[in-house]
Structure formats: structure tokens, C-alpha cells
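# Structural overview for review
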Amino acid sequence: MKNVLFVILLLFVGSMAVKAQHSQDERLKNIRAAYAKAKELIADNGKGGNPALDMHVDMKTVNKVDEDFIIEDETSLDYYFTKKRRYNAKEEMFYEADACYFIIERWGANGHTRYREMLFDSDSGKLMFAYTKSETHAGFVTETRSYYDSDGKPIEEKHKAGGKSVDSSDHLYGNAKSDWVSATYLLGIFTEIMEPQDNYTVAFGSAALTQTKEERITAIRASYAKSRQQMEANKKSDTAESLSIVVHDQEEGECPPVVTEIDYSFSLCNDGEAPMYRCYFISEHRHHNNMGYDQYSEFLLDDSEQRLGSNGKPAKAINPMFTYTCVHEEGEKYEWRYYFDANGTCIETKSNHEDTDGGKADKIKVHRLLHVFNALMNSQQ
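Now for a look at the structure at hand. (Residues numbered from 1 in each chain as written. Predicted model: local features only at pLDDT ≥ 70, side-chain atom pairs only at ≥ 80, totals over all residues. Heavy atoms only, no water.)

## Concerning the overall build of the protein chain
Scanning the protein chain from terminus to terminus reveals 4 helices and 15 strands. Taking all 381 residues of the protein chain together, the buried fraction comes to 38%. Partitioning the intrachain contacts of the protein chain with sequence separation of at least 6 by distance along the chain shows that 51% fall at a separation of at least 24. (Helix = DSSP H or I, 4+ residues; strand = E, 2+ residues; numbered from the N terminus. Buried < 20%, exposed > 50% of the residue type's maximum accessible area, 1.4 Å probe, protein only. Contact = heavy atoms within 4.5 Å.)

## Some words on unusual backbone geometry
The backbone of Asn110 shows a phi angle near 55 degrees, a positive value even though the residue is not glycine. Among the secondary structure elements, Asn110 is positioned in the loop between strand 3 (93–109) and strand 4 (112–120). The class of Asn110 is partly exposed, set by a relative accessible area of 40%.

## A word on the pattern of salt bridges
Taken as a whole, this structure holds 16 salt bridges when the rule is applied. The salt bridge partner of Lys60 is Glu72, with a shortest N-O separation of 3.8 Å. Within this pair, whereas Lys60 is found in strand 1 (residues 54–66), its partner Glu72 is found in strand 2 (residues 69–88), the two being separated by 12 residues in sequence. The partner of Glu232 in a salt bridge is Lys235, with the nearest N and O atoms 3.9 Å apart. Residue Glu232 and its partner Lys235 are located together in helix 3 (residues 213–236), separated by 3 residues, close to a single helical turn. A relative accessible area of 38% places Glu232 in the partly exposed class. Each of Glu105, Arg114, Arg116 and Asp179 takes part in one network of salt bridges that share partners. (Salt bridge = Lys/Arg side-chain N within 4 Å of Asp/Glu carboxyl O.)

## A short note on helix 4 (residues 360–377)
Helix length check: helix 4, at 18 residues, gives a terminal C-alpha distance of 26 Å against a target of 26 Å (1.5 Å per residue), a fit within 8%. Taken together, the buried positions of helix 4 are occupied by Asp362, Lys363, Val366, His367, Arg368, Leu369, Leu370, Val372, Phe373, Asn374, Leu376 and Met377. (Expected span 1.5 Å × (residues − 1).)

## Points about the nonpolar core
Within the largest apolar cluster, 41 residues are counted, with the highest numbers of intra-cluster contacts made by Tyr79, Ile245, Tyr264 and Leu376. Every residue in contact with Tyr264, bar those within four places of it in the chain, is listed here: Leu243, Ile245, Cys279, Phe281, Ile282, Leu369, Val372 and Phe373. Core analysis: the next-biggest nonpolar cluster, separate from the first, contains 13 residues, Ile31, Ala38, Leu119 and Phe129 among them. (Core = buried A, V, L, I, M, F, W, Y, C linked by side-chain atoms within 4.5 Å.)

## Concerning the packing of aromatic side chains
Counted under the stated rule, the structure contains 14 aromatic pairs. Between the aromatic rings of Tyr79 and Phe190, the centroid separation amounts to 5.6 Å while the plane-to-plane angle is 20 degrees, which identifies the pairing as stacked. Pair noted here: Tyr79 is in strand 2 and Phe190 is in helix 2 (residues 176–194), with a separation of 111 residues, a long-range link. Summarising the burial analysis for this pair, Tyr79 and Phe190 share the class buried. Taking 5.9 Å as the distance between ring centres and 65 degrees as the angle between the ring planes, the aromatic pair formed by Tyr224 and Phe281 counts as edge-to-face. Taken together, the residues Tyr224 in helix 3 and Phe281 in strand 11 (residues 276–288) connect sequence positions 57 residues apart. The exposure class assigned to Tyr224 is partly exposed, which follows from its relative accessible area of 23%. Using a relative accessible area of 1% as the deciding quantity, one classes Phe281 as buried. (Phe/Tyr/Trp six-rings, centres within 6.5 Å; stacked < 30°, edge-to-face > 60°.)

## Here we look at the environment of Lys64
Topologically, Lys64 is positioned in strand 1. Along the backbone, Lys64 and Thr239 are 175 residues apart, and their C-alpha atoms lie at a distance of 8.7 Å. Setting aside chain neighbours within four positions, we find Lys64 in contact with Phe69 and Ile70.

## What to know about the environment of Tyr173
Along the chain, Tyr173 falls in the loop between strand 8 (164–166) and helix 2. Considered as a pair, Tyr173 and His159 are 14 residues apart in the sequence and their alpha carbons are 10.0 Å apart. Sequence-distant contacts of Tyr173, that is, excluding residues within four places in its chain, are made with Thr132, Ser134, Thr136, Phe140 and Thr142.

## A look at the pairing of strand 5 (residues 127–135)
By the criterion of burial, strand 5 is predominantly enclosed, with 7 of the 9 residues buried. Bridge count between strand 4 and strand 5: 8 bridges; the pairing is antiparallel. Following the sheet pairing, Arg114 is matched in strand 5 by Ser134. As consecutive antiparallel partners, strand 4 and strand 5 are separated by 6 residues, and within that stretch Gly125 has a phi angle of approximately 80 degrees, a positive value. The pairing of strand 5 with strand 6 (residues 141–148) spans 7 bridges and is classified as antiparallel. Following the sheet pairing, Glu135 is matched in strand 6 by Val141. Between strand 5 and strand 6, which pair antiparallel in sequence order, lie 5 residues; one of them, Gly139, sits at a positive phi of approximately 90 degrees. (Pairing = 2+ DSSP bridges.)

## A few points about the side chain of Thr142
Here Thr142 is to be found in strand 6. For Thr142, a relative accessible area of 3% puts it in the buried group. Setting aside residues no more than four positions away along its own chain, Thr142 makes contact with Thr132, Lys133, Ser134, Lys160, Ala161, His171 and Tyr173.

Function cannot be read off these values alone, since they describe shape.
Put into C-alpha cells, the structure is as follows:
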């Protein structure tokens, strides 16, 4: 009787193993099909009457080790997304969500390079596959391919080093876990830009004010002029640093394609605390191709107030000193200027449009854009 039960147990375990292997084989087949489809969508993006749906990030920083040795660290990120119909229970309405299905990362510094591809399920948002290729300045090349099940657990890894198949422990340039962490981090940046959450609030400080309204506005104008000079000097420098984001999108309905360009101006601060990049100016240009709508905004920031907390996020909400928005629409031009005191309270509004909000929407946008900046420039990821 014991022998019979043992045989039955073996048959059961064997059948389960066969079923699991079949399920894994099906998953791998589906992933490869999804990868091929994603490549087709990327090739057709913005072509043949298809709207361009992508987001591009360019980052460049410079580390001057000494007078003769400069390290330029450059990263580019290409996001490709599609439109998915979602339901907003809070608003009780359907809307077109931006669902990222592919990310390409290119990084290089001092002869070291990394190329990474990440494939996502556009319905669930979970990582399906990641490919990483790294090369050192000495020409040592490693490759990692990681495949994931529908719950995000790795089901297969393939590694190569020096052109030969190796075990994951034979190199330190990639594995399924690190690729998952990187993909989650990079997808979060996309979400912050394209699908911002309603978790940003208008913040007010409680510092004792030492300037009159007139003195504050004079100081703001001086800071604006200084920022402009600093930006021009950086552009002309041989060691210019930059961060820009460009989004090609098409909104709901019959809206024409829209392009959004975001540029950050920043400097490295090392004042005895942990070194960090501090942003002092942000510009955003939003326009429709071949249409009459054009919106340009500027946000002036006090970078001396910027600090990072232990979680890598801003230790406090940073309010703008000044914001400016200009909109051209159907032959009309509208402008808004908001001046803020040190606590983030609007002290002056100048506009030729009847709708003003004391800079509330601008303050919320600054908090969100600074969150993106710190995630890209000051994250330990």
C-alpha cells in the first residue's frame, strides 16, 4: 500500500512539474510575442499618420576631478506609451490613460556604457522582460536577460560575459532583481510626468518675514536676472550640464498632437552636507503642431532652500519665488505673473486675464516637477 501511495505521489509531482514547465514555456512565448509587437509599435511611432506617443529624457552632468580630468556622465531615456481607457471612480468618468509599454535607457561615463531595454504589460503596468548590456572602458561586455511572470517574479535569467554564457554570480552588472528595481524607478518618473497623482498640496511656510512687498519684488527681479545670466554662462561652458524632457502626445478626442518641452537649470551644491543638485529655474513649453495654441511657463526657485530628506525626497515642499505664463490662443495673448514671499504666499498678481488663482496651480506644478528633478538627479538608484 505504501508503494502504491509513493507511486501516486511521484506521478502527481511529475504532472505538476510538467504543468509548471508548460506554463513557463507559454509565458516565455507570450513575452517574446509582446516584445516583437512593441518593436513594431516603436518603428511605426509618429509615422504613417500615427501620432507620436513618446517621452524623451536627456541628462548630462560633469564631474571635474582635477584640471586635466573631467568625467561627463550622460543618460538618455526613451519611453514609449499607448492610450488605455480607464475609469476614475473619484470623478465617476472614463479617461484615456498613458500606459508605458517600453523603456530604452542609454548611459555612458568615462568609457563605461550601459544599454537597457524594459518591456511592460501596458494593461497591468508590470515588467515582463528586461535586457541589459554593459561594457567597461577595457572592452569587457556583459549581457543579462530577465523574464518575469504576471506577478513580477523572475522565471528565467540568461547571462553572458565576454560572449560566453555564465552564471549570474559571475558578474555584477545586472540580474533580475536589480533590473526590476531599475524598471520600477524609471516607470515612476514616467508616471510622475504623464499621470500625476493628486497628492501635491499648496504649502505655506511660517518663517518671520524680513522684507516689505516692494523689497521682496525687487529681490525677485534681481534673482531672475542672475538666474538668466547663470543659464547663459552654462550654455557657453565647455562643461555645460543639462536636464530636459520632451513629450509627444495626443490628447483625447480629435485633439491635435501636442509637444511639451521641460528644461531644468541647476547647479551642484556641496556646502558641508551631502552634495546634491539644486534646481533654480524651470521652463515649460507646450504647443500644438501647426495650430494656434502655444503656452510657455517659467518658474524661478530659491535653490538655497532645497534639501533632501533621508528618503531621497525634498525635505520640505519648495515654493517658487516667481512664475510667469504666456498663452497664445486663437490670435489672443494672455499673461500671468505671480510673485511670492518667502513663505509661499502670493503677494502680487499681474494678468490681463480674468481667471487668476494666486499661483496655486503653479505651486502644485513646481512641487511635482521638482519631485521629478530630484528623482532623476539626486536619486541613489
